[in-house]
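A structural walkthrough
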Amino acid sequence: MVVIKCCVPNCTDKQEVRHRFPYLDEKIYDEWLRRIGNPLLKEEDPIKVHRNRRICGRHFRKDCYVPNSKKLKYGTVPTLFLPVSDLMTQTGLLNSNYELLLY
């Protein structure tokens, strides 16, 4: 079985569950793109991103999931192990686990 690569820059995970982008909710979709920081995705059509791109479960907290499921709760955004910018660390937007604090 072919594993679809996680689209978060520098993520090498090959085991976590993969999630599709929530393209039907423009606000949440845009927030996923902003947090992931992959400039190539911004140039692609949202439907194409939804069909062909994935983000692995490594980037979501356990409380982002529907209980006893691999499905994400509505409105969930990735917060873990995302690309870190100097601005984020200088302004305190990240905690010690490199988790983005603001939504």
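The preceding data block contains the structure.
What this report covers is the structure whose coordinates are included nearby. (Residues numbered from 1 in each chain as written. Predicted model: local features only at pLDDT ≥ 70, side-chain atom pairs only at ≥ 80, totals over all residues. Heavy atoms only, no water.)

**What to know about the packing of aromatic side chains**
Counted under the stated rule, the structure contains three aromatic pairs. With 6.1 Å between their ring centres and 65 degrees between their planes, Phe21 and Tyr29 make a pair best called edge-to-face. Between Trp32 and Phe60, the ring centres sit 5.4 Å apart and the planes meet at 50 degrees, which makes this aromatic pair tilted. In this pair, Trp32 is assigned in helix 1 (residues 26–36) and Phe60 in the loop between strand 2 (55–56) and helix 4 (86–91), connecting sequence segments 28 residues apart. Judged by its relative accessible area of 2%, Trp32 falls in the buried class. Overall, the relative accessible area of 4% leaves Phe60 in the buried class. Among the aromatic residues, those joined into a cluster by ring pairs are Phe21, Tyr29, Trp32 and Phe60. In this arrangement the basic side chain of Arg58 is found over the ring face of Phe81, its NZ or CZ atom lying 4.2 Å from the centre. (Phe/Tyr/Trp six-rings, centres within 6.5 Å; stacked < 30°, edge-to-face > 60°. Helix = DSSP H or I, 4+ residues; strand = E, 2+ residues; numbered from the N terminus. Buried < 20%, exposed > 50% of the residue type's maximum accessible area, 1.4 Å probe, protein only. Lys NZ or Arg CZ within 6 Å of the ring centre and 35° of its normal.)

**Focus on unusual backbone geometry**
Phi is positive for Asn10, close to 70 degrees, though the residue is something other than glycine. Looking at where Asn10 falls in the secondary structure, it is placed in the segment before strand 1 (18–19). In this structure, Phe81 takes a positive phi of about 50 degrees despite not being glycine. As for its placement among the helices and strands, Phe81 is situated in the loop between strand 2 and helix 4. A residue is classified by how much of its surface remains accessible, and Phe81, at 42% relative accessible area, is partly exposed.

**Some points on the pattern of salt bridges**
Going through the model one piece at a time under the given rule, you end up with five salt bridges. We note a salt bridge from Arg53 to Glu44, for which the minimum N-O separation is 2.5 Å. Close ionic contact of Asp63 with Arg61 constitutes a salt bridge, the shortest N to O distance being 2.9 Å. Judged by relative accessible area, Asp63 falls into the partly exposed class, the value being 46%. Residue classification places Arg61 among the partly exposed positions, given a relative accessible area of 31%. One connected set of salt bridges, linked through shared partners, spans Glu31, Arg34 and Arg35. (Salt bridge = Lys/Arg side-chain N within 4 Å of Asp/Glu carboxyl O.)

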